[in-house]
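Examination of the molecular architecture
Take a look at the letters that make up each chain.
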Amino acid sequence: MTTTFRLDAVTLQTTEGEVRYTFPSDLSVLAGPTGVGKTTLLELVKFGYGGEAEIAEVARDYVVEVRIDTTLGDSRFRLARTIDPSKRKTVRVIDLVARERLADHYTTNAEPRLSSLLLSALGLPDDMRAPSRTNVSRNTGSRISFIDIFGFLYVPQREINRDIAHSDESVREPKRKAVFELLFGLTDADTLNQRSLINELQGKIDTAEIEARNVAGFLASSNTTTQENAHSLVQEARSVEAKTKVRITELRAALDPVEDRKTSVLRDLLADTERTVADCRSQVVALQRREREYRVELQQVQDDLDRLSRISDAGHRLADIEFEVCPRCVQSLATREVPTGACRVCLQPDPAPAGTAEFDQYESKQLRDQFNEIESQLHAASSQIEETSNTEATAVRRVAELTALIESRTRERITPRLQAFADLSERLAEARSLQREMEGTLRQWDRLQDLELAARELRSERENAKAELQRLEEALEERREQIFSDLNEEYGHTISLLGVPGITSASIDSRTYLPVINGTPWRKHGPRGGGITTAAQTAYWATLLAVAQKHSWTHYPAFLLVDSPRQSVNDSEALSQALYRRLVALADTNREFSRIGVNRAKIQIIIADNSLPTAYRSDYAQVDFSIENPTVPTIRHPGPAKVKLLGS
Amino acid sequence: MNNEAAPEPNKYARTPQPDKYALLREDLAYHQARVLLLITAVSALRGHQGKLDGLTKLAKLDFLLRYPALAHLVLDDLDPNDRRLNLTRRDLAEPTSVEAPMIRYKFGPWDDRYYPMIGALVGRGLVRYARGRRGSVALVSTPAGKRLTAEMSSSNEWRIMASRSRAIADASAGLTGSNLKDLIYQRLAGLMDRPHRQVIR
C-alpha cells in the first residue's frame, strides 16, 4: 500500500505576522520568478519536518517558527519548530486527529525522537539500520531516519540537475539503497537487521582472530611450554603437593613428642648445674675479695709489727750508748760524776728496763695474735676458695657433659627431622610455584582457545545469518523482479513520453537503483547540469511514484516536492510540457482509482517553478509569487539584485 | 746502763715509774735511728759535701724517707723501680699510708722531735755538728754513728730503711734544703695544699 503523505499546510510565524499556505490539491504549483523565495519556502518545509535545511537570510532574520500540518498514513500532526538555533532541537507536536498536544519531540537522538514519531506514522520501524553490503564492512550501519525517507520525496533545486537522493555521495550509498528497498518492500526490518548482524559478526570475528593471532604469536615467540606439557606439569605438581603435605603432617606429628622425658630431665639438670657454676663463681669472687682484704690487713699488722720491732730495736741499740755530751748545752759529760743507776744527763735514776719489755711484749702479743687470727682467716678463705673453685670446675665439666649429651640427643632426634621438614617445605614451595607458573601458561593457552572458539562460533553465527539473509532475500526476490520489471517498463515509457532529446534507452539498475541512460549508469552519464539530467531525474521520481502506486504492498509515500524543474530544463517548452503532463497524469491516477473504487493513497505533488505551461493551469492549484508578493509577504522584498539565491 | 750493781739510795731518786716514758723513749729512739741512717747516708756523699746541711734539708729528706713512694716524684734522678727503694705495689697505690707520718707546717713537713732527736744523737756521740752554708748548722755522722749505721743496715729491722736512705741521698745530691722545699711544693702541691698542723696522709 503506497502510504499517504500529504503536506496540508505550511505556516510561517514571522516577526511581522503569520503567513500560511495550504495544499489541498493533489498537484500544487508555486510559481514566480527567481528570487521570490520559493526555494526558501521548500527548505523551510524540510526544516519543519525536522531536517537540516538551508535557511535563507530572510527566514533567519524574520521567521520565528515554522509550522507544518501534515498527514502521514492515518495520522495528522502539526509540527512547530522554531528557527532559533538554541531551541531548534525541540519540535512541538500536536496530534490533529486527537486534537491534543503531545510531548515535545527532538530532532536529535534524545527521546522522544521526532523521526521515530514520523516513521511510525508511515508504518516504518524506527530502529532499522542501513549496513554496507561490501564484504569488508564491519559496521552495523547508521540508523535510518525520517529525513532519509524525506530525501526520496523532496528534490531540491540544487540537486535536480545533479544527483538523485545524494547518489553522488558514496558514504550515503548504503542508506539510499536501504531506503529504496524499504520503500518498495524489497527489504524489511528483518533483512536489514540480518545484514547489520552479519557486519557486526564480521567485526567481532576479525577482532577475535586478530587477538588469537597475537596470543598465538606471543606464545610461539616466548617459547611457552605447550599446553599438553603445561597440563601434565600442573598435574604432576599437584600430586607432589598433595604427597608432600601428607608427609609434612606425618613429620610434624613425629616431631612433637621428640622432647622426651629424659631430655627434659637432662635440661633440668643442666639448668641446676649452670646455677651451681654461677653460684660458685660468685662465691669465689667474694672470697677472693675477702682474701685480698685479709692480705692488706695482714700487711698492715705486719707493718705495725715491723715498726714495733724497729722501735724496740732502736730502743735497745741506743739504750746502751751513754750520752757523752749534754744534748742541751753540748758540754762533755765525761768528767761528770754520776751515781750508779742514774741518768748521766739528769742524774735521775734510770728507769727499770723490765717495764719496757713487758709493754713491748704486750703490744707485740696483741699484734701477733691479730696477725695470727687474720692469717688463719686468710688461710680459711684460701681453702674455701680452693674448695669452691674445685666445685665450680666440677660443675663446669658437668655442664659440658650435660650440654654435649643434650646436644647429642637433640641432634640425633631432631636435626634429621628438621632437615627433612625443610626439604619437604622446599619441595612444597617448588610444587606450588610450578603450579602457579603452569596455571598461568594454561590460562594463556585457554585464552587462545577461547579466542579461537569465539571466532569459530562467530563464523558459524555469521554463516547462519548469511543463510537467513539469503532466505529472506530469496523470499523477496519475486517481489524484486516484479518491481524492477515494472520500474524499467515505467521508466522507459516515461522517458519516451517526455521525449528527452538524446535518450534512446532508459532503465533502472537493479543494484544501484539509479537510472541507466543509453546503457550508461547514472553516475557516469554526463554531462550533468543540463535539462536532460533534470528530465531524466524527474522522470525517475515520477516512475517511482507510479510503480509504488501500482503495488499495494509498498511503503512509498505518495508525495513529491520538486523545486524548479522547468528552470533546469532550460525553458524547453516541449520538454517542460511533457514533464508536467506526466506529473498531472500521476495526479490524475488518483481520480481514476477513486472512480473505480480502488483505495489508494492520494498522490500529492508540489512543484515550485518560474513559469508554467499555460496548457495545464486548469489542472492544478497555483500560487503566484512576485517581487511585490514574495513567499514571505510579511517581509518586504529587498529587490532582486539583493537576493542571494540558496544553493548558489 | 749498768744493771749489775744494786741501786744505791739517791737523794735525787724518786719512785721509779718504768712504764711511764718507755714508749716515748723508744719512739724517740726509733726516730733517732732513722735520722742517723739518713745523716750517715747523706754525709757519706760528695754531692752533699760530706754533711747534711741544715735542718730544713734534714726535714725534707726525712720526709722523702718516711714517704718513700713520693720520693721519685720530687727527685728526678730517682726511679720508683729502684730496688733500693723496695717499694711494693701497695706503697705506690697508697703513698701516704706510711708508718711514721709527718705534719704539715708553714714551711712544709716537719717533726717537732727533730731538736731532741739531733740533741740525743749528738749527746750520744753518733752525730756531730759541723759548719754549714751561710752559718747554719750541718750534721755529720761520727765514726761511732757510722759503725752503728753499718750494724743497723745489716739487720732485718733497718736494712730497707738504710737502703732507701742511700737512694734518697744519691738522688738528692746537689740540692739544698730550699731546693727540696720548692720541689716538694711544686711536685706535691695537692699534699701541701692543706691546713697547717695536719697529718700528711
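Residues numbered from 1 in each chain as written. Chains lettered and ligands numbered in written order. Predicted model: local features only at pLDDT ≥ 70, side-chain atom pairs only at ≥ 80, totals over all residues. Heavy atoms only, no water.

- As recorded by an unreviewed UniProt entry, chain A carries the name Nuclease SbcCD subunit C and is attributed to Actinocatenispora thailandica.
- Entered under Subunit (unreviewed entry) in the UniProt record, the comment concerning chain A runs "Heterodimer of SbcC and SbcD." (UniProt positions renumbered as here; feature names shortened; annotations may be inferred.)

**So, the packing of helix 2 (residues 55-66) of chain B against helix 5 (residues 114-123) of chain B**
Residue and element names in this part refer to chain B.
- The interhelical angle for the contact between helix 2 and helix 5, taken along N-to-C directions, is 100°, at an axis separation of 12 Å. As far as their axial angle goes, helix 5 and helix 2 are roughly perpendicular. Contacts between helix 2 and helix 5 pair Leu55, Leu58, Ala59, Asp62 and Arg66 from the former with Tyr114, Tyr115 and Ile118 from the latter. (Axes fitted to C-alpha atoms, helices over the stretch in contact; angles between N-to-C directions. Helix = DSSP H or I, 4+ residues; strand = E, 2+ residues; numbered from the N terminus. Parallel < 35°, antiparallel > 145°, perpendicular 65-115°, else oblique. Contact = heavy atoms within 4.5 Å.)

**Some remarks on the packing of aromatic side chains**
- For the structure shown, the criterion picks out 22 aromatic pairs over all chains.
- Between phenylalanine 150 of chain A and tyrosine 154 of chain A, the ring centres sit 5.9 Å apart and the planes meet at 45°, which makes this aromatic pair tilted. Here phenylalanine 150 of chain A matches tyrosine 154 of chain A in class, with each residue buried.
- Following the ring pairs from residue to residue traces out a cluster consisting of Phe152, Phe180, Phe184, Phe484, Tyr491, Tyr513, Tyr540, Trp541 and Tyr556 of chain A.
- The ring of phenylalanine 47 of chain A has arginine 81 of chain A sitting right over it, with the charged end atom 4.0 Å from the ring centre.
- Sitting over the ring of tyrosine 30 of chain B, arginine 307 of chain A keeps its end group 5.2 Å from the ring centre. (Phe/Tyr/Trp six-rings, centres within 6.5 Å; stacked < 30°, edge-to-face > 60°. Buried < 20%, exposed > 50% of the residue type's maximum accessible area, 1.4 Å probe, protein only. Lys NZ or Arg CZ within 6 Å of the ring centre and 35° of its normal.)

**Comments concerning a negative patch on the surface**
- On the surface, Glu474, Glu477, Glu478 and Glu481 of chain A cluster together to form a negatively charged patch.
- Inspection of the secondary structure puts glutamate 477 of chain A in helix 10 (residues 415-498). (Patch = residues over 30% accessible without salt bridge, like charges linked within 9 Å, V, L, I, M, F, W, Y side chains within 5 Å. Areas by Shrake-Rupley, 256 points an atom, 1.4 Å probe, with all protein chains shown as cover. Salt bridge = Lys/Arg side-chain N within 4 Å of Asp/Glu carboxyl O. Lys, Arg positive; Asp, Glu negative; His and termini not counted. Charge placed at Lys NZ, Arg CZ, Asp CG, Glu CD.)

**Things to note about the environment of valine 42 of chain B**
All names here are of chain B.
- On the secondary structure map, valine 42 appears in helix 1 (residues 22-43).
- Separated by 131 residues in the primary sequence, valine 42 and alanine 173 have C-alpha atoms spaced 8.2 Å apart.
- Residues in contact with valine 42, not counting those within four places in the same chain, are His48, Lys51, Leu52, Leu61 and Ala169.

**Points about the environment of tyrosine 185 of chain B**
Residues and elements named next belong to chain B.
- When you line up the elements, tyrosine 185 lands in helix 8 (residues 177-187).
- A relative accessible area of 28% places tyrosine 185 in the partly exposed class.
- Residues tyrosine 185 and valine 74 lie 111 residues apart in sequence; the distance between their C-alpha atoms is 9.2 Å.
- What tyrosine 185 contacts, discounting residues up to four positions off in sequence, is Arg104, Tyr105, Lys106, Phe107, Gly108 and Met192.
- Engagement of the side chain of tyrosine 185 in a polar contact is seen with the side chain of arginine 104, the distance being 3.3 Å.
- There is a polar contact of 3.1 Å between the side chain of tyrosine 185 and the backbone nitrogen of glycine 108. (Polar contact = N/O pair within 3.5 Å; in protein donor to acceptor, adjacent residues only side chain to side chain.)

**Let's talk about the pattern of salt bridges**
- Under the defined criterion, the tally for this structure stands at 42 salt bridges over all chains.
- Arginine 67 of chain A is paired through a salt bridge with glutamate 65 of chain A; the nearest N and O atoms lie 3.2 Å apart. For the residue pair arginine 67 of chain A and glutamate 65 of chain A, the accessibility class agrees, reading buried in each case.
- A salt bridge links aspartate 27 of chain B to arginine 307 of chain A, with the shortest nitrogen-to-oxygen separation between them at 3.3 Å. Residue aspartate 27 of chain B is found in helix 1, and its partner arginine 307 of chain A is found in helix 8 (residues 261-319); the two belong to separate chains.
- Taking relative accessible area as the criterion, aspartate 27 of chain B reaches 14% and is therefore assigned buried.
- A single network of salt bridges, built from pairs that share partners, joins Arg307 of chain A together with Asp27, Arg34, Asp62, Arg66, Asp111 and Arg113 of chain B.

**Here's the deal with unusual backbone geometry**
All names here are of chain A.
- Here glutamate 111 and proline 112 are connected by a cis peptide whose omega angle stands at -5°.
- Following the sequence through the fold, proline 112 ends up in the loop between strand 8 (105-106) and helix 3 (114-121).
- Unusually for a residue other than glycine, valine 330 sits at a positive phi of about 60°.
- The topology assignment puts valine 330 in the loop between helix 8 and helix 9 (353-413).

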